[in-house]
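Fold and geometry: a report
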Protein chains: 2
Amino acid sequence: MEVMMNNHNNGTTTNTKIIHKNGSICNGNGNVNGNSHNHNNENKLVEFTNSIKPGWFSEFSALWPDHSIKSLDYNKLYRFDINIVQSTTYGKVLTLDGAIQHTENGGFPYTEMIVHLPLGSIPSPKKVLIIGGGIGFTLFEVSRYPTIEKIDIVEIDDVVVDVSRKFFPYLAAGFDDPRVTLIIGDGAAFVKAAQPGYYDAIIVDSSDPIGPAKDLFERPFFEAVAKALRPGGVVCTQAESIWLHMHLIKKIIANCRQVFKGSVNYAWTTVPTYPTGVIGYMLCSTEGPEVNFKNPVNSIDKYVKSKGPLKFYNSDIHKSAFILPSFARDLIES
Amino acid sequence: MEVMMNNHNNGTTTNTKIIHKNGSICNGNGNVNGNSHNHNNENKLVEFTNSIKPGWFSEFSALWPDHSIKSLDYNKLYRFDINIVQSTTYGKVLTLDGAIQHTENGGFPYTEMIVHLPLGSIPSPKKVLIIGGGIGFTLFEVSRYPTIEKIDIVEIDDVVVDVSRKFFPYLAAGFDDPRVTLIIGDGAAFVKAAQPGYYDAIIVDSSDPIGPAKDLFERPFFEAVAKALRPGGVVCTQAESIWLHMHLIKKIIANCRQVFKGSVNYAWTTVPTYPTGVIGYMLCSTEGPEVNFKNPVNSIDKYVKSKGPLKFYNSDIHKSAFILPSFARDLIES
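Residues numbered from 1 in each chain as written. Chains lettered and ligands numbered in written order. Predicted model: local features only at pLDDT ≥ 70, side-chain atom pairs only at ≥ 80, totals over all residues. Heavy atoms only, no water.

Filter applied, for reference: UniProt positions are given in the numbering used here, feature names are shortened, and annotations may be inferred rather than shown by experiment.
The name an unreviewed UniProt entry assigns to chain A is Putrescine N-methyltransferase, from the organism Solanum tuberosum. According to UniProt, the comment filed for chain A under the heading Sequence similarities (unreviewed entry) is "Belongs to the spermidine/spermine synthase family."

This is how it looks when you write it as structure tokens:
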């Protein structure tokens, strides 16, 4: 168990290392000089005003149709760009920059799939890198695999981790796994500086290609990812909705086809709280031992006992994620 | 070509027979005495007020989370319970009783699947009954099969047909097929009175199990459907969302298992404009020649040329519709 420092937060002691992108090291409360984030009001919940009507949470975006859902008990700002909503149907909802990121009752398909599609496709993953995913859910799912020895997670915003510890402690528990190193910093820069050929799998659990996550959809980032992966290593990245973003998806696929010489695949799944109800993934492998993503070789079923059953993912769902509707198949495979 | 009367609507002459539930026969404008619907303002578009904010269309329901989407150019009442919304993303949207029923750019998965899941599963369908589906899209998809000789469609509300002729004429064109008989009346009563063993397939394209469509989810209706089907005949009914309505789905499945002695299956697909982004179907067959819904025997691919390609459905999508997430599989198969 490699620990750089203890992380004292809300009275619990955890084993997570936190390394800031500027090289400084801090505890989980994010109170470090030189960090660009606003930590001043992180524990003050203030009324959320970015709504078309009080009691409703609204998403406004150039990337998807503006829409609103009714919220129940509260709809509060944790920080200017982080909102916690209580929804009757979906339970607690975390939004970043005005977009729903995670919901208690509807977020699990996204996370189970972004983890088990790649890790179910290679025999014995040992070293995994997660970019984004500060809520800790992705980490929780990765840590189910006992073959894994090392998990690095690079989250650009330590306050997201704090929010998860406060509102979703059962997810943030993933940070306490002794195999985990949390790096607070820029994911693209981290991958670029990573040891070549180091990781078996890289999971890019990013937000959308506007704002801070923009670089994570560009070719230089994919090139850095390919370099950081071992031969026959795999990457899974969030890749938008076939209903709304086919122009973006085609661009991402074209980039991946130039960079990843093993295989390049598009998969999708349903997420009830995302616009259009679906989300896609790019599944790519580097040149080396062949990876057939469409036929999982590493069944998670045998590992799930200690952390409770999976709610969404199973081997058949894995295979069906690569089956596309005709309009999307024609555009993606052309 | 069997025609009872010509249907003059918007200057076009069609071959559809329209038989009212009270036995009277009328043209497509719905102006018949003794019909219980409100025809007075059918051609007057008035401002729609059932919205949380002007310029937004809102759904309020006990069955799913209240939500709103921004509408663009207009948001108008066609009749007190029929609304036409213009959405940037989804094009023209038809709502009935405050719930989105059809969208130009996002409605096709629902309709292609409710038709081709059952008709793709039997070799040469000849006689098909559609209950609901007054928009005409279901009819349009059914009429792709050249083996089909007779299509009966029972729509409770003739104004829905009028609205489709006005706003979605390319869908309503299905009513002009000479194989079609349109019956304006109660679907449950029609099925109960149907000739036993008459239909190869029955498609129940209903709204939700509150209000007028409630009977279409109850056991007496399923018993009438089973009786109206030939041995080894098939039914496909709309069967709600696995995210929200598992209690309803379990009840529907239990009813179907008691009634349909061939096979009983649950399938699902994605529809971007429905709450939670998914919709389910019950696929059942009567005792007789075996029907394996999970392996389509009747490929629609060879028939599609004359009516343009399918956008969503293909044989692989057909098979994958029966693959369920773990939580739903455990509940449905228990």
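Here we look at the overall build of chain A
To keep it simple, the criterion reads: Helix and strand definitions follow DSSP, with helices as H or I runs of at least four residues and strands as E runs of at least two, each counted in order from the N terminus. Exposure is judged per residue with a 1.4 Å probe applied to protein chains only, and the accessible area is read against the type maximum: over 50% gives exposed, under 20% gives buried, and values in between give partly exposed. Whether two residues touch is decided by their heavy atoms; if any such pair falls within 4.5 Å, the residues are in contact. Values of accessible area rely on a 1.4 Å probe in the Shrake-Rupley scheme; residue burial ignores everything except the protein chains shown.
Looking only at helices and strands, one finds nine helices and 17 strands in chain A. Counting over 334 residues, chain A shows a buried share of 63%. Considering only contacts in chain A between residues 6 or more positions apart, those separated by 24 or more positions represent 67%. Of the accessible surface of chain A, which amounts to about 12,500 Å², a share of 52% is contributed by carbon and sulfur atoms.

Comments concerning the UniProt feature "active site" (unreviewed entry) in chain A
Residues and elements named next belong to chain A. In the numbering used here, UniProt assigns the feature "active site" (unreviewed entry) to Asp 205. Mapped onto the fold, Asp 205 is located in strand β14 (residues 199-205). Judged by its relative accessible area of 12%, Asp 205 falls in the buried class. Beyond its immediate stretch of four places on either side in the chain, Asp 205 contacts Tyr 110, Ile 114, Ile 131, Gly 132, Gly 133 and Thr 138.

Description of the nonpolar core
Our working definition: For this analysis, a nonpolar core means a set of buried residues of the types Ala, Val, Leu, Ile, Met, Phe, Trp, Tyr and Cys, connected via side-chain atoms within 4.5 Å.
Residues Ile 202, Ile 242, Phe 260 and Tyr 266 of chain B are the most contacted members of the largest nonpolar core, which totals 98 residues. With near-sequence residues (within four places) excluded, Ile 202 of chain B lies in contact with Leu 129, Ile 131, Val 225, Ala 228, Leu 229, Val 234, Val 235 and Cys 236 of chain B. One finds Ala 239 of chain A together with Met 113, Ile 151 and Val 159 of chain B within the second-largest nonpolar core, a separate group that totals 97 residues.

What about the pattern of salt bridges?
Residue and element names in this part refer to chain B. The criterion, for reference: For salt bridges, the criterion is a side-chain nitrogen of Lys or Arg within 4 Å of an Asp or Glu carboxyl oxygen.
Summed over the entire model, instances satisfying the criterion amount to 18 salt bridges over all chains. Here Asp 176 ties to Arg 165 by a salt bridge, and the two come within 3.6 Å at their closest N and O atoms. Remark: Arg 165 occurs in helix α3 (residues 158-167) and Asp 176 occurs in the loop between α4 (169-172) and β13 (180-184); sequence separation between them is eleven residues. The shortest N-O distance in the salt bridge between Asp 200 and Arg 230 comes to 2.5 Å. Pair noted here: Asp 200 is in strand β14 (residues 199-205) and Arg 230 is in strand β15 (residues 229-238), with a separation of 30 residues, a long-range link. Overall, Asp 200 belongs to the buried group, its relative accessible area being 11%.

As for the environment of Asp 215 of chain A
You can see Asp 215 of chain A is positioned in the loop between β14 and α6 (219-228). The spatial distance from the C-alpha of Asp 215 of chain A to the C-alpha of Gly 187 of chain A is 9.2 Å, given a sequence separation of 28 residues.

Observations regarding the pairing of β13 of chain B
Residue and element names in this part refer to chain B. Applied cut-off: In short, DSSP must find at least two bridges between two strands for them to pair.
Along β13, five of the five residues are buried, which leaves the element largely enclosed by surrounding structure. In β13, alternate side chains face the same way, and those of Val 180, Leu 182 and Ile 184 on one face and Thr 181 and Ile 183 on the other are all buried. The pairing of strand β12 (residues 150-155) with β13 spans five bridges and is classified as parallel. Directly across from Ile 153, in β13, lies its bridge partner Leu 182.

Thoughts on the relation of the copies chain B and chain A
The condition that has to hold: We place the copies in one frame by least squares, fitting the C-alpha atoms of every residue whose pLDDT is at least 70 in both.
If you rotate chain B by 180 degrees and push it 0.0 Å along the axis, it lands on chain A with an RMSD of 0.0 Å. What the superposition gives is, in effect, a two-fold axis relating one chain to the other. Relative to the rotation axis, the C-alpha of Gly 277 of chain B is the closest in chain B, positioned 2.0 Å from it. Comparing contact sets, 100% of the residues at the interface of chain B also lie at the interface in chain A, consistent with an isologous, same-surface contact.

Things to note about the packing of aromatic side chains
Stated precisely, the cut-off is as follows: Note on aromatic pairs: the rings of Phe, Tyr and Trp (six-membered ring only in Trp) are paired at centre separations within 6.5 Å, and the planes decide the class, stacked below 30 degrees, edge-to-face beyond 60, tilted for the rest. Placement of a charge over a ring requires the Lys NZ or Arg CZ to be within 6 Å of the ring centre, with the centre-to-atom vector within 35 degrees of the ring normal.
Counted under the stated rule, the structure contains 18 aromatic pairs over all chains. Site record: aromatic cluster; members linked through ring pairs are Phe 108 and Phe 312 of chain A together with Trp 243 and Phe 327 of chain B. The ring of Phe 140 of chain A carries Lys 307 of chain A above its face, with NZ or CZ at 5.1 Å from the centroid.

Brief notes about the packing of helix α7 (residues 246-259) of chain A against helix α9 (residues 326-333) of chain A
Residues and elements named next belong to chain A. Selection criterion: In this analysis an axis means a line fitted to C-alpha atoms, helices contributing only their contacting stretch, and an angle means the value between N-to-C directions, from 0 to 180 degrees. Any angle from 65 to 115 degrees is called roughly perpendicular, while one under 35 is roughly parallel, one over 145 is roughly antiparallel, and all others are oblique. Note on convention: the crossing is left-handed when the near helix lies turned anticlockwise from the far helix by less than a right angle, right-handed when the turn is clockwise. In this classification, the charged set is Asp, Glu, Lys and Arg, the nonpolar set is Ala, Val, Leu, Ile, Met, Phe, Trp, Tyr, Cys and Pro, and all remaining amino acids, among them Gly, are polar.
Close contact between α7 and α9 brings their axes to 10 Å; oriented N to C, the two are set at 40 degrees. Relative to α9, α7 is oriented oblique. The chirality of how α7 crosses α9 is right-handed. Facing Met 246, Ile 249, Lys 250, Ile 253 and Arg 257 of α7, the residues of α9 in contact are Phe 327, Ala 328, Leu 331, Ile 332 and Glu 333. Here the contact of α7 with α9 is composed, by residue class, of seven nonpolar, no polar and three charged.

Comments concerning the interface of chain B and chain A
The following threshold applies: Summed over both partners, the accessible area (1.4 Å probe) lost when two parts come together is defined as the buried area. What qualifies as a polar contact is a pair of N or O atoms within 3.5 Å, subject to a donor-acceptor requirement within protein and to the restriction that residues adjacent in sequence count only when both atoms come from side chains.
Counting from both sides, the interface comprises 37 residues of chain B and, opposite them, 37 residues of chain A. Of the roughly 2,900 Å² buried between chain B and chain A, counting both surfaces, carbon and sulfur atoms make up 69%. Counting across the interface, chain B meets chain A through zero salt bridges. Between the two partners, chain B and chain A, sit twelve residue pairs in polar contact (both at pLDDT 80 or more). Of all the elements in the fold, those that place two or more residues in the side of chain B that touches chain A are β6 (67-70), α1 (108-119), β16 (263-270), α8 (315-320) and α9 (326-333) of chain B. The dominant element in the side of chain B that touches chain A, judged by the number of residues it contributes, is β6 of chain B, at four residues. Considering only residue class, the side of chain B that touches chain A consists of 21 nonpolar, ten polar and six charged.

Topic: the side chain of Thr 269 of chain A
Residues and elements named next belong to chain A. For Thr 269, the position within the fold is in strand β16 (residues 263-270). Accessibility expressed as a relative area gives 6% for Thr 269, which makes it buried. Once you skip the residues sitting within four places of it in the chain, Thr 269 turns out to touch Pro 109, Met 113, Gly 277, Val 278, Ile 279, Tyr 281 and Phe 312.

As for the confidence of the model for chain A
All names here are of chain A. Where we set the bar: Each residue gets a pLDDT score, which is the predictor's confidence in that residue and runs from 0 to 100.
Chain-level statistics for chain A give a pLDDT mean of 81 and a share of 78% at 70 or above. Counting contacts from residues 1-17, a segment whose pLDDT is below 50, to residues more than four positions away or on other chains yields 43 contacts. Below a pLDDT of 50 lies the segment residues 20-49, which in the model reaches 69 contacts outside its immediate sequence neighbourhood of four places, other chains included. Predicted complex metrics record ipTM = 0.83 and pTM = 0.85.

Digging into empty space enclosed by the protein
Formally: Note on definitions: the grid is 1 Å and covers protein atoms alone; a cavity is a set of points where a 1.4 Å probe fits but cannot get out; a pocket is an open set with protein on both sides within 12 Å along at least five of seven lines; lining residues have an atom within 4 Å of a point. Grid points are joined across faces, edges and corners, and a volume is the space filled by probe spheres set on the points.
Evaluated as defined, the whole model comprises two cavities of 30 Å³ or more. When its volume is computed, the largest cavity comes out at roughly 350 Å³. Contributions of two or more residues to the lining of the largest cavity are made by β6 (67-70) of chain A together with β6 of chain B. For the lining of the largest cavity, the element with the most residues is β6 of chain A, which contributes three residues. Residue composition of the lining of the largest cavity, grouped by class: 14 nonpolar, nine polar and no charged. Roughly 270 Å³ of internal volume is contained in the second largest cavity. Trp 268, Thr 270 and Ser 320 of chain A together with Trp 268 and Ser 320 of chain B are, among the 18 residues lining the second largest cavity, the residues nearest its centre. For the lining of the second largest cavity, the residue count by class is twelve nonpolar, six polar and no charged.

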